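Breakdown of the fold
Residues per chain are reported as follows:
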Amino acid sequence: MRRLRRSPFKLLRPPWWMVVAIMAVALTAAAPAAPIRAQDEPDIPVSRPADEGPAVPDQVEARPNVADDVIAERLTRILEATGWFVRPQVEVREGVVFLDGRTRRQEWQDWAEALAVNTEGVVAVVGRIEVRPGPVLDFAPALSEIRVLWRDGVGALPLVAIVAVVLVLTWLLALVTLRLSRRLLRDRMPSQMLANMVAWLLAAPVGLIGIYVALRVAGLTQLALTVLGGTGLAGLIIGIAFRDIAENYLASIMLSVRNPFRAGDSIEVAGFAGIVQRVTTRGTILMTFDGNHLQIPNSTVYKSTITNFTANPSRRMEFSVGVGYDAVIAEAQAALGKVLNDHPVVLDEPEPLVLVERLGAATVELRAYFWFNGTDYDGLKLKSALIRLAKRALEASGISMPDEAREVIFPQGVPLVSQEGGMTPAAHSRPTRSDADEAVGPDPVSTGAEGGLRSEVAQIQRQARQSRLPEAGENLLETPDRAKP
């Protein structure tokens, strides 16, 4: 396993989901549902008037045996706390309240007078508050909202700091769980991909629990429950949207567990033959015998019939030969059997066979079966050499090999009419070897055109190592290194 050298700053860099969570908590904490404008005392109910008119409390108590200065101080503090009046002034003489100042709305003036009337110890109210509508472009409400947001944001800094610490600890704990799980599962899983998947499944609950705790600390209990409850639904939606990708991913897991083939095996799947290069989470990559990279989706590979030519080194091939009806079948079988038995590449066990397949229109079809070592030798080259030697052997034995499409055989011969009027039967002579064939001598086991009968798998593998892979990614056929700690 390669060790990646990373700087400590990169290791401590938080992931993107942690940054998003911290920002969400900060914005939520900094935006209360109802900002408090007035710093009025809790025992004095003050409500902001609506368009239909101000709401006035039924009774405002000052103190028992209320003095004029106490009433004036109390009403002044309430008017200043509302923020609706400019330089409000309250004067009380013998229980008579004099209200001075300026406001922007008539409802607010009426509210101040009603408030003074309902105050204990007040005999009468003289309202002298001037109503002046504000300017068309008034930035005071916006500035007030900014001040409120700033104050609430500063107040939420401790909460944001605690949430950030919880998320950082969650990330570190999930990272430790992931790496520890990979190390423990490396020697117990058949493939590296399966070990990684199980490690992620063990680390994912740690991250979810940490996010849940962070949301609970931030006071977002309902959102925390929604996150936990929506995880399964989100997985279902993602699985439906990316069905093909999920299918290929699950098929890659099954292929890495079942191991129907290994890297370097010669296989045939879904009508395509080649040498296995690697298996990624998306597809299986083959190097065809034409030298092309072929990528087959893992779902297709898993559901198709796989022929592995490398699992068993011994392979059987066959070829057919048609001999004439005038030939002795036993002699033709013996000639072909000798060719198969004498060839050094053909295996003795299982023994080669020459069987009569069918009686054709002009020939008797013989089919030869032979076994060879498919790891070391190429079947097509060996088949070519055996057909060449079989033809030479049949010709040497005087056995005809007529063509069904163009040649007509007359076993009894064709009578010829001479010029004298007599009829003489023409003998049907067997083919014999010419002097040129005798001069050439016996055919070799393999020719230069047949390439020495050796397998081309090693050459194709060398080409594959020198070529560019069409898809990068982890090779799922590589088993975990059990020797390393």
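Please refer to the structure placed before this passage.
About the thresholds
- Residues numbered from 1 in each chain as written.
- Predicted model: local features only at pLDDT ≥ 70, side-chain atom pairs only at ≥ 80, totals over all residues.
- Heavy atoms only, no water.
- Buried < 20%, exposed > 50% of the residue type's maximum accessible area, 1.4 Å probe, protein only.
- Helix = DSSP H or I, 4+ residues; strand = E, 2+ residues; numbered from the N terminus.
- Pairing = 2+ DSSP bridges.
- Core = buried A, V, L, I, M, F, W, Y, C linked by side-chain atoms within 4.5 Å.
- Contact = heavy atoms within 4.5 Å.
- Patch = residues over 30% accessible without salt bridge, like charges linked within 9 Å, V, L, I, M, F, W, Y side chains within 5 Å.
- Areas by Shrake-Rupley, 256 points an atom, 1.4 Å probe, with all protein chains shown as cover.
- Salt bridge = Lys/Arg side-chain N within 4 Å of Asp/Glu carboxyl O.
- Axes fitted to C-alpha atoms, helices over the stretch in contact; angles between N-to-C directions.
- Parallel < 35°, antiparallel > 145°, perpendicular 65-115°, else oblique.
- Left-handed = near helix turned anticlockwise from the far one by under 90°.

**Describing the pairing of strand β5 (residues 272-279)**
A large share of β5 lies buried, amounting to 6 of its 8 residues. Sheet topology note: the strand β4 (residues 266-269)/β5 ladder contains 4 bridges and is antiparallel. Note on β5: the bridge partner recorded for Glu268 is Ala273. What sits between the antiparallel neighbours β4 and β5 is a turn of 2 residues, in which Ala270 has the positive phi angle 55 degrees. Pairing geometry for β5 and strand β6 (residues 283-287), over 4 bridges, is antiparallel. Among the inter-strand pairings, Val279 is bridged to a residue of β6, identified as Thr284. What sits between the antiparallel neighbours β5 and β6 is a turn of 3 residues.

**Section: the nonpolar core**
Counting 27 residues, the largest nonpolar core has Phe319, Val323, Phe370, Leu386 and Leu394 as its most contacted members. Going through the elements one at a time, β9 (314-324), α11 (329-342), β11 (363-373) and α12 (379-396) are the ones with two or more residues in this core. The biggest single contributor to this core is α12, with 7 residues. What Phe370 contacts, discounting residues up to four positions off in sequence, is Arg315, Arg316, Met317, Glu318, Phe319, Leu340, Val346, Pro352, Leu382, Lys383 and Leu386.

**Re a nonpolar patch on the surface**
Among the surface-exposed residues, Ile162, Ile209, Val213 and Val217 lie close enough to one another that they form a single nonpolar patch of about 320 Å² accessible area. Of the residues forming the nonpolar patch, the biggest block, 3 residues, is contributed by helix α7 (residues 192-217). You can see Val217 is positioned in helix α7.

**Regarding the packing of helix α3 (residues 68-82) against helix α4 (residues 106-117)**
Each pair of packed helices gets described by two things: the angle between the helix axes and the distance between those axes. Packing of α3 against α4 brings their axes to within 11 Å, and their N-to-C directions diverge by 150 degrees. Put simply, α3 runs roughly antiparallel to α4. As α3 packs across α4, the resulting crossing turns out to be right-handed. Contacts from Leu75, Ile78, Leu79 and Thr82 in α3 reach Trp111, Ala112, Leu115 and Ala116 in α4.

**Focus: the environment of Pro133**
Looking at where Pro133 falls in the secondary structure, it is placed in the loop between β3 (124-131) and α5 (140-155). Among the residues examined, Pro133 registers a relative accessible area of 70% and is labelled exposed. Between the C-alpha atoms of Pro133 and Arg102, which are 31 residues apart in sequence, the distance is 9.7 Å.

**Considering the sheet that holds strand β2 (residues 96-103)**
Across the sheet, 3 strands lie side by side as β1-β2-β3; this open sheet has mixed pairing. The outermost strands of the open sheet, each flanked by one partner alone, are β1 (85-93) and β3. Adjacent strand axes in the sheet meet at a mean angle of 10 degrees, parallel and antiparallel pairs treated alike. Of the strand pairs in this sheet, β2 and β3 are connected by 8 bridges, and their pairing is parallel. Note that in β3 the partner of Val96 across the bridge is Ala124. Across the face of the sheet, α3 comes into contact with β1 and β2 while running at roughly 165 degrees to β1. Contacts between α4 and the sheet are confined to β1, β2 and β3, with β3 contributing the most and set at about 160 degrees to the helix.

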